[in-house]
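Here are the chains, one letter per residue:
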Amino acid sequence: MKKIVLFLLAGTLASETWAQDNPTPKSPTAKKDKQAARKERINALVKQEEEGEIIFNKQNIFGIKLNTDGYGLSYEIGRFKSARVANIFQIEINEKKHKKEKRTSLLNGFNFNSVIFGKLNNFYQVKLSAGQQRIIGGKGNKNGVGVMAIYTGGISVGLQKPYYVDVIDQAQQRYRKTYPEITDSGYLEQGASGFTVGWDKVQPKYGLHAKGALRFDYGRFNETVAAVEVGLNAEYYIQKVAQMAYNPEKNFFFNAYISLLLGKRK
């Protein structure tokens with residue numbers, strides 16, 4: 001009896017081992033169905049690509065901005081919720097100019113310098129924002145132009161840096177002074193002191209901002225972002241910002257801008 005049990009046990013083990021080494025082949029119909037479904041999915045993605053649909057997961061975009069009151073740089077990270085909607089996060093670094101600023105060249109001996117008469121402060125901004133990009137007009141094909149609505153908002157940190165000017169008095173003594181003291185004391189301007197001067201006197205200004213824009217993506221391939229963005233921007237700072245002498249300080253700024261954008265999608 002013991003021999004019979006051992007024989008049956010050995011046979012069972014051998015059968016299981018053979019089954020593992022020689023699995024039952026899949027049904028030809030099931031295999032063909034799986035291949036057809038995969039091919040159909042790939043064809044759908046290719047068709048969307050040809051029709052200009054953006055079918056990526058994320059995008060990274062660098063921008064150069066020209067504002068009606070200055071200029072700046074931007075960097076954007078986007079995460080797609082769907083083929084037509086993406087959440088976007090941006091950082092901007094700008095310098096804001098006053099509409100009455102006018103740079104004047106000065107000849108001092110053999111040297112050419114420049115100065116902006118009456119300028120009180122340089123005003124730089126770091127802006128963090130979040131919002132959405134929404135496609136309102138697809139490319140139609142790879143050679144088309146995609147139109148997207150952009151809306152974002154966030155916080156602004158302004159840096160108000162005094163604008164120093166190299167001057168001389170009647171005794172030809174050299175100083176670094178600011179307006180309106182330069183005008184009131186009769187100093188003679190020799191030229192702006194430069195970007196590096198005045199950072200120890202910076203005053204932070206805190207505020208909020210919001211913008212709305214249209215983005216025109218003319219890139220030939222969807223993997224590459226090549227676009228022009230035009231929009232409007234509004235900012236409000238808790239503390240007043242002083243830019244030019246004998247002009248009122250401001251809390252609220254409103255401007256239009258155009259930006260050249262370059263980047264990639266993955």
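All of the points below concern the structure found in this document. From a predicted model like this one, the values you see are computed outputs, not experimental measurements.

## Digging into the overall build of the chain
Here comes step 1: Regarding its fold elements, the chain presents 3 helices and 13 strands.
Here comes step 2: When the 266 residues of the chain are sorted by exposure, 38% land in the buried category.
Here comes step 3: Carbon and sulfur atoms make up 61% of the accessible area of the chain, which amounts to about 16,400 Å² in all.

## A look at the sheet that holds strand β10 (residues 188-192)
Here comes step 1: The strand order β9-β8-β10 describes an open sheet built from 3 strands, whose pairing is antiparallel. The outermost strands of the open sheet, each flanked by one partner alone, are β9 (174-177) and β10. Within the sheet, the average angular offset between the axes of one strand and its neighbour, ignoring direction, is 35°.
Here comes step 2: Sheet topology places strand β8 (residues 165-168) next to β10; 4 bridges connect them, and they run antiparallel. Bridge pairing links D166 to G191 in β10.

## A word on the pattern of salt bridges
Here comes step 1: Per the stated rule, a full pass over the model turns up 14 salt bridges.
Here comes step 2: With a closest N to O distance of 2.5 Å, E101 and K119 form a salt bridge. With E101 in the loop between β3 (85-96) and β4 (103-108) and K119 in the loop between β5 (111-116) and β6 (121-137), this pair connects stretches of sequence that are 18 residues apart. An identical accessibility class is assigned to E101 and K119; each is buried.

## Let's talk about the packing of aromatic side chains
Here comes step 1: Applying the stated criterion to the full structure yields 7 aromatic pairs.
Here comes step 2: Between Y124 and W199 the ring centres are 5.7 Å apart and the planes differ by 20°, which places this aromatic pair in the stacked class. You can see Y124 sitting in strand β6 and its partner W199 sitting in the loop between β10 and β11 (203-217), a full 75 residues away along the chain.
Here comes step 3: For Y124, a relative accessible area of 14% corresponds to the buried category.
Here comes step 4: With a centroid separation of 5.8 Å and 55° between ring planes, the pair formed by Y175 and Y187 is classed as tilted.

## Considering the side chain of N94
Here comes step 1: Looking at the secondary structure, you find N94 in strand β3.
Here comes step 2: Among the polar contacts listed, one links the side chain of N94 to the side chain of E92, at a separation of 3.3 Å.

Parameters and conventions
Residues numbered from 1 in each chain as written. Predicted model: local features only at pLDDT ≥ 70, side-chain atom pairs only at ≥ 80, totals over all residues. Heavy atoms only, no water. Helix = DSSP H or I, 4+ residues; strand = E, 2+ residues; numbered from the N terminus. Buried < 20%, exposed > 50% of the residue type's maximum accessible area, 1.4 Å probe, protein only. Areas by Shrake-Rupley, 256 points an atom, 1.4 Å probe, with all protein chains shown as cover. Pairing = 2+ DSSP bridges. Axes fitted to C-alpha atoms, helices over the stretch in contact; angles between N-to-C directions. Salt bridge = Lys/Arg side-chain N within 4 Å of Asp/Glu carboxyl O. Phe/Tyr/Trp six-rings, centres within 6.5 Å; stacked < 30°, edge-to-face > 60°. Polar contact = N/O pair within 3.5 Å; in protein donor to acceptor, adjacent residues only side chain to side chain.

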